[in-house]
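Residue-level structural notes
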Amino acid sequence: MTHRYVQQLQKARERLVAHRREMAEIIINTAAFIPERAVEFTEIQDAIKSIDEAIEDEAKLAGTVSRDEDSV
């Protein structure tokens, strides 16, 4: 179950990374600064970080992270 869930998280992360790249292109190609775009970019990046934490948590639950790495 954990492996399948991690795969789902990784796919979600890949999608968000693609969306972040699209947002970066939009920001670069827009003449005027639009604060909403920056906010959306930040929200996407926060979601990616949250998924990274969830993947790490799943790895810990599965016992794939050593105790030494846990204490760092």
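Residues numbered from 1 in each chain as written. Predicted model: local features only at pLDDT ≥ 70, side-chain atom pairs only at ≥ 80, totals over all residues. Heavy atoms only, no water.

**Focus: the overall build of the protein**
Helix and strand counts for the protein come out as three helices and zero strands. From first element to last, N terminus to C terminus, the protein shows the α and β order α-α-α. Put simply, the protein has 72 residues, and 12% of those count as buried. Restricting to contacts in the protein with at least 6 residues of sequence separation, those with at least 24 account for 66%. With the model as given, the accessible surface of the protein reaches about 5700 Å², and the carbon-plus-sulfur share is 52%. (Helix = DSSP H or I, 4+ residues; strand = E, 2+ residues; numbered from the N terminus. Buried < 20%, exposed > 50% of the residue type's maximum accessible area, 1.4 Å probe, protein only. Contact = heavy atoms within 4.5 Å. Areas by Shrake-Rupley, 256 points an atom, 1.4 Å probe, with all protein chains shown as cover.)

**A word on the pattern of salt bridges**
Inspection of every chain in the model, using the stated rule, returns two salt bridges. Measuring nitrogen to oxygen at the nearest pair gives 3.5 Å for the salt bridge that ties Glu56 to Lys60. Note that Glu56 and Lys60 are positioned in helix α2 (residues 35-61) at a spacing of four residues, about one turn of the helix. Take Glu56: its relative accessible area is 44%, and that puts it in the partly exposed class. (Salt bridge = Lys/Arg side-chain N within 4 Å of Asp/Glu carboxyl O.)

**A few points about the side chain of Glu58**
Counting through the fold element by element, Glu58 comes out in helix α2. No salt bridge is formed by the buried Glu58; the nearest opposite charge belongs to Arg4, separated by 10 Å. Excluding anything up to four places from it in sequence, Glu58 contacts Thr2, Tyr5, Val6 and Leu9. (Lys, Arg positive; Asp, Glu negative; His and termini not counted.)

**Notes on the packing of helix α1 (residues 2-29) against α2**
Interhelical geometry of α1 versus α2 gives an angle of 160 degrees and a closest axis separation of 9 Å. In terms of axis orientation, α1 runs roughly antiparallel to α2. The element α1 and its partner α2 pack so that their crossing is left-handed. Its residues placed into classes, the contact of α1 with α2 shows 17 nonpolar, four polar and six charged. (Axes fitted to C-alpha atoms, helices over the stretch in contact; angles between N-to-C directions. Parallel < 35°, antiparallel > 145°, perpendicular 65-115°, else oblique. Left-handed = near helix turned anticlockwise from the far one by under 90°. Nonpolar A, V, L, I, M, F, W, Y, C, P; charged D, E, K, R; others polar.)

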